[in-house]
Amino acid sequence: MIKLIKLNASSLDVGLFYGKKSSVNNTYLDKLRITKCLLKAIPRSIGHLKNVKVVTILDTKLEIVDFGSFAMLQNLRKLDLSSNMIKHVFQTAMSEAHFPSLIGIDLQGNRLKIIDMNIFTSMKSLRWLYLSKNKLDRVEGPIASLKLKDLRLSSNRLTKLDCCNWNLSSLTDFILSNNKLKRLPTMVSGTQ
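These numbers were taken from a predicted model, which means no experiment stands behind them.

J.: Hey, could you run me through the overall build of the protein chain in this one?
T.: Assigned secondary structure in the protein chain consists of 0 helices and 14 strands. N-terminal to C-terminal, the α/β element order of the protein chain is β-β-β-β-β-β-β-β-β-β-β-β-β-β. Of the contacts formed within the protein chain by residues at least 6 apart in sequence, a portion of 47% connects residues at least 24 apart. Carbon and sulfur atoms provide 49% of the accessible area of the protein chain, an area that totals close to 10,000 Å².

J.: Help me out: how do you make sense of the environment of L102 in this one?
T.: Structurally, L102 is set in the loop between β6 (88–90) and β7 (104–106). Placed 23 residues apart in sequence, L102 and L79 show a C-alpha to C-alpha distance of 7.7 Å. Leaving out residues up to four positions away in the same chain, L102 has contacts with L76, R77, K78, L79, M123, S125 and L126.

J.: Even after reading the chapter, I still don't get unusual backbone geometry, so can you show me in this structure?
T.: Across residues other than glycine, the phi torsion is negative in most instances, and most of the peptide bonds are trans. Although it is not a glycine, K36 sits at a positive phi angle of roughly 50 degrees. Take K36: it is sitting in the loop between β2 (31–35) and β3 (54–58). Among the residues examined, K36 registers a relative accessible area of 47% and is labelled partly exposed. Notably, D59 is not glycine yet its phi reads approximately 55 degrees, a positive angle. In this structure, D59 sits in the loop between β3 and β4 (64–66). By relative accessible area, which is 42% here, D59 ends up partly exposed.

J.: Before we go on, may I ask you to explain the packing of aromatic side chains in this structure?
T.: Both the distance between ring centres and the angle between the ring planes are used here to describe each pair of aromatic rings. Overall, the coordinates contain 3 aromatic pairs when judged by the stated rule. Considering the side-chain rings of W166 and F174, the 6.0 Å spacing of their centres and the 65 degrees angle between planes classify their relative orientation as edge-to-face. F174 gets classed as partly exposed once you look at its relative accessible area, which sits at 27%.

J.: Would you mind going over the pattern of salt bridges with me for this structure?
T.: It is possible for side chains of opposite charge to pair when their charged atoms get near one another. Going through the model one piece at a time under the given rule, you end up with 2 salt bridges. Between R138 and E140 there is a salt bridge whose closest N-O contact spans 3.0 Å. Residue R152 is joined to D150 by a salt bridge in which the shortest nitrogen-to-oxygen separation is 2.9 Å. We classify R152 as partly exposed; its relative accessible area is 27%.

J.: Help me understand the side chain of T60 in this model?
T.: With respect to the helices, strands and loops of the structure, T60 is situated in the loop between β3 and β4. A distance of 2.6 Å separates a polar atom in the side chain of T60 from a polar atom in the side chain of N84. Among residues more than four places away in sequence, those in contact with T60 are I34, C37, L39, S83, N84 and M85.

J.: Explanation requested: the side chain of N110 in the structure shown.
T.: As for its placement among the helices and strands, N110 is situated in the loop between β7 and β8 (114–116). For N110, a relative accessible area of 5% corresponds to the buried category. Reaching out from N110, the side chain makes a polar contact with the backbone oxygen of Q108 at a distance of 3.5 Å.

J.: Can you help me understand the nonpolar core in this one?
T.: A general feature of soluble globular proteins is that nonpolar side chains tend to end up buried together. In terms of nonpolar packing, the biggest core is built from 48 residues, with F67, F70 and F120 touching the most fellow members. Only β2, β3 and β13 (166–168) provide two or more residues apiece to this core.

J.: What exactly am I supposed to notice about the pairing of β3 here?
T.: If a strand is regular, its side chains alternate between the two faces of the sheet. Most of β3 is tucked away, with 4 of its 5 residues classed as buried. Bridge count between β2 and β3: 5 bridges; the pairing is parallel. Within the sheet, the bridge partner assigned to T35 lies in β3 and is L58.

J.: What should I look at first to understand the confidence of the model for the protein chain in this one?
T.: Reading fine detail from the predicted coordinates is not recommended where pLDDT is low. Per-residue pLDDT for the protein chain averages 86, and the proportion of residues at 70 or more is 83%. Every residue in residues 17–22 is under pLDDT 50, and counting partners more than four places away or in other chains gives 16 contacts.

Cut-off values and rules
Chains are numbered independently. Their residues run from 1 in the order of the written sequence. For a predicted model such as this one, the threshold for reporting local features is a pLDDT of at least 70, and the threshold for listing and counting side-chain atom pairs is 80 or more; totals across whole chains, interfaces and linings nevertheless cover every residue. Side-chain measures here rest on the full set of heavy atoms in the structure, leaving out hydrogens and waters. Strands here are runs of E lasting at least two residues and helices are runs of H or I lasting at least four, both read from the DSSP assignment and numbered beginning at the N terminus. Here a residue-residue contact requires only that any non-hydrogen atoms of the pair lie within 4.5 Å. Each accessible area is a Shrake-Rupley result for a 1.4 Å probe, and residues are judged covered by the shown protein chains and nothing else. Burial here depends on accessible area, computed with a 1.4 Å probe over protein chains only, as a share of the maximum for the residue type. Under 20% is buried, over 50% is exposed, and the range in between is partly exposed. Each Phe, Tyr or Trp ring, with Trp reduced to its six-membered ring, pairs with another whose centre is within 6.5 Å; inter-plane angles below 30 degrees give stacked pairs, above 60 give edge-to-face pairs, and intermediate values give tilted ones. Criterion for a salt bridge: a side-chain nitrogen of Lys or Arg within 4 Å of a carboxyl oxygen of Asp or Glu. Throughout this description, a polar contact denotes any pair of N or O atoms lying within 3.5 Å of each other; where both atoms belong to protein, one of them has to be capable of donating a hydrogen while the other can accept it, and for residues adjacent in sequence the pair is counted only when both atoms sit in side chains. Among buried residues, the Ala, Val, Leu, Ile, Met, Phe, Trp, Tyr and Cys ones that are joined through side-chain atoms within 4.5 Å form a nonpolar core. Two strands pair under a simple rule: DSSP has to find at least two bridges between them. The predictor reports its confidence for every residue as pLDDT, a score running from 0 up to 100.

Here is the structure:
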């Protein structure tokens with residue numbers, strides 16, 4: 001495991017994630033933790049961490065995240081991007097071959113105002129998604145997942161929530177506390 005703590009740089013050296021030869025994938029690293037630094041973007045070279053299972057990036061200057069940067073990490077199980085300055089997330093490449101092992105994403109404590117749930121549909125193994133403690137006032141788009149059990153949207157600014165285009169047949173925990181909801185969300189399709 002590599003831990004980068006209090007790194008005083010806004011980007012990481014591309015060579016850090018390569019194996020011994022400069023263009024070969026790193027097959028040894030299984031956990032990456034980057035905290036308390038000036039990192040502003042996900043390094044493109046992160047795709048060379050072929051066996052990484054956990055990526056944690058906390059307390060950085062990160063504002064925009066393309067989930068496509070992590071899409072080819074076949075062994076990635078947990079992606080923790082909590083407590084950053086993230087304002088926007090998107091995914092450039094969506095395929096069912098991407099994210100085969102990803103079971104959890106933590107985006108708590110960021111600055112998200114809008115989230116498109118459709119970006120999580122290609123993540124077929126996703127079991128938990130934490131979006132609490134952001135500035136969300138809009139949650140939009142459809143989501144379909146047979147495995148998502150835990151969805152957290154608490155401590156945001158939601159005044160309404162339309163879940164009509166959601167199909168979350170395994171959802172057991174749906175946490176919406178500390179929002180500005182004036183009525184219950186429109187029913188989630190596929191739940192009891």
